[in-house]
Amino acid sequence: MFAKAFRVKSKTAIKGSDRRKLRADAAAAFPAIRTDQVSELVPGKEEINLVKLYAHRGDAVTVYMSGSNPILFELEKNLYPTVYTLWSYPDLLPTFTTWPLVLEKMVGGADLMLPGLVVPPAGLPQVQKGDLCAIALVGSRAPVAIGIASMSTVEMLASGLKGRGFSVLHTYQDHLWRSGDKSSPPSIAPLTLDPPDLSEETGSIQADCTLLGGMRQLTLEGMEEENGEFHQICGEKPLSQASEEPSVSIQTPNPTDSGTLQEQMDELLKRCFLHALKCRVKKADLPLLTSTFLGSQMFSCCPEGQLLDIKKSSYKKLSKFLQQMQQEQIIQVKELSKGVESIVAVDWKHPRITSFVIPEPSPTSQTVQEGSREQPYHPPDIKSLYCVPASMTLLFQESGHKKGNFLQGSEVRTVVIDYIKKNDLVDADNKNLVKLDPILCDCILEKNEQHTVMKLPWDHLLTRSLWSGIWRSMDSTHAQWLPFSSSDARPALLSLLPLVPRTACKSRSRETRSTTLAGCCLLV
């Protein structure tokens, strides 16, 4: 509830009558508290403030502050203690135990699932559905969270400790805790109790859970689900038992396993990166947006049966991974604007790229394609084309293109680069600058710049001024390649000029109407 910042509506000091009512409500809400403890919790002389606030989900909450710490909060006319209060009175609520790694997940707003519980030798506390409970960590009795039980203890054991256990309301390190003095939980030794008689049925269930308790790990809301069942993280199981339960994913809770999965994802990320640079990206494609490089190039290089997920790697973000590749001098990345990066250069002679071996297609996919009688489905390929206008004929005529020819964006780049090299427009003193001749000035610059700008850098020329000038003058269209049939490999080029819908009446009564699309023609 307090995983995100809340909004304070008002803050006032409570009166004497409100103080007495608060004591009565606390005594009724927490039967385990003694009368003297109620007087300590709600003192008679110290100032107590009533803070009304709205949680990030819009819930109206009333918080009682004693000194600098919140001691109680009220939600929907129900009174709940804070972790500051539970640290002073650890036996105020029935306490369940979980692992330390679970805490950061609960602070983020996740509920506690039953596989995350640690079953002590004395068994689980006896609670009913809807009871308020405290949650502590292994090795300490100091509560770090409070929540409402989603089922009774008997139902928890009958379910085999599967499913949602507690709806978490407040945790240590959340924003309600931050409104206090931000002190750490005290060290409270756990109670030592004798285990119950294991001859009873419930005792045997608790004993079985105890054997698995030390090996359980957190299963929280928001983690992976498969076939409607949560992955249960347990200890080692016999192979025969694992094969009988195919819907349950058995994982080893050893923390080194997550590191191994992370290393595997790092290796897959680098493999797709090198594969894309070696086979997919050409020099004429640069500069290339990093988002386009990931979606169109790297994902297509992912091996069959594997899923590339950067969030599961050690880099977490594509920008961090590309920065590492830039440090290794494989690529050069430049930030065009805030949050928008582009690959402007690639060292194709780098040892990492030259030594990379392109993987062969898997035998399974080859067998499927060879054995199938029908060709696999080929989706339409839609690309942007640009029509050469009359004003730019001089720029494109040296490459053999005439007025009205359609070119792709990469072809336009190639034509411009070849034109610059053939006319020796690269500055002799600075290779990063390009001299602008009259033809380029007419295509690139505005009228007020043609007498002031004489040279431009390559990156500025290609990414900003050049393309904004050329593509502003060239008419944009789209092309769609559609295969005629599985036996005919020749594609049909469907040129989609700007479509103009027109509605016309074909009868005198004006009841029959037809809509036509102007600008659609078929070119073979």
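Treat the numbers as computed from the prediction; the structure is a model and nothing was measured.

Q: What is the right way to look at the sheet that holds strand β15 (residues 340-346) in this model?
A: Sheets are built from strands paired through backbone hydrogen bonds, the pairs being either parallel or antiparallel. Taken together, the three strands give an open sheet; going across it, the order is β13-β15-β14, and neighbouring strands pair in antiparallel fashion. Since the sheet does not close on itself, it has two edges, and those belong to β13 (288-289) and β14 (331-337), each with one partner. Where β13 meets β15, two bridges bridge the pair, whose relative direction is antiparallel. Within β15, the position partnered with Leu 288 by the bridge is Ile 343. Lying on the sheet, helix α11 (residues 318-327) is in contact with β14 and β15; it crosses β14 at an angle near 135°.

Q: Please explain the sheet that holds strand β10 (residues 164-171) as it appears in this structure.
A: Spatial ordering of the open sheet is given by β6-β8-β9-β10-β7, a layout of five strands whose pairing is mixed. Two strands in the sheet have a free side with no partner beyond their single neighbour: β6 (95-98) and β7 (112-113). Bridge count for strand β8 (residues 132-137) against strand β9 (residues 143-149) is five bridges, and the pairing is antiparallel. Among the inter-strand pairings, Ala 134 is bridged to a residue of β9, identified as Ile 146.

Q: I would appreciate a short explanation of the pattern of salt bridges in the present structure.
A: Working definition: two side chains of opposite charge can pair if their charged atoms are close together. Using the criterion set out here, one finds six salt bridges in the structure. For Asp 91, the salt bridge goes to Arg 141, with nearest N and O atoms at 2.5 Å. Taken together, the positions of Asp 91 in the loop between α3 (83-88) and β6 and Arg 141 in the loop between β8 and β9 put the pair 50 residues apart, joining distant regions of the chain. According to the relative accessible area criterion, Asp 91 is exposed, its value standing at 53%. Overall, the relative accessible area of 16% leaves Arg 141 in the buried class. We note a salt bridge from Arg 164 to Asp 111, for which the minimum N-O separation is 2.8 Å. Taken as a pair, Arg 164 in strand β10 and Asp 111 in the loop between α4 (100-107) and β7 lie far apart in primary sequence, 53 residues in all. According to the relative accessible area criterion, Arg 164 is partly exposed, its value standing at 32%.

Q: Which parts of the structure should I look at to understand the packing of aromatic side chains?
A: We describe a pair of aromatic rings using the distance from one ring centre to the other and the angle between the two ring planes. In this structure the tally under the stated criterion is ten aromatic pairs. Measuring from ring centre to ring centre gives 6.2 Å for Phe 2 and Phe 6, while their planes differ by 85°; the resulting arrangement is edge-to-face. With a centroid separation of 5.5 Å and 70° between ring planes, the pair formed by Tyr 84 and Trp 87 is classed as edge-to-face. Of this pair, Tyr 84 and Trp 87 both sit in helix α3, three residues apart, roughly one helical turn. We note that Tyr 84, like Trp 87, is buried. Three or more aromatic residues joined by ring pairs make a cluster, and in this case those are Phe 2, Phe 6, Phe 73 and Tyr 80.

Conventions adopted
- Residues numbered from 1 in each chain as written.
- Predicted model: local features only at pLDDT ≥ 70, side-chain atom pairs only at ≥ 80, totals over all residues.
- Heavy atoms only, no water.
- Pairing = 2+ DSSP bridges.
- Helix = DSSP H or I, 4+ residues; strand = E, 2+ residues; numbered from the N terminus.
- Contact = heavy atoms within 4.5 Å.
- Axes fitted to C-alpha atoms, helices over the stretch in contact; angles between N-to-C directions.
- Salt bridge = Lys/Arg side-chain N within 4 Å of Asp/Glu carboxyl O.
- Buried < 20%, exposed > 50% of the residue type's maximum accessible area, 1.4 Å probe, protein only.
- Phe/Tyr/Trp six-rings, centres within 6.5 Å; stacked < 30°, edge-to-face > 60°.

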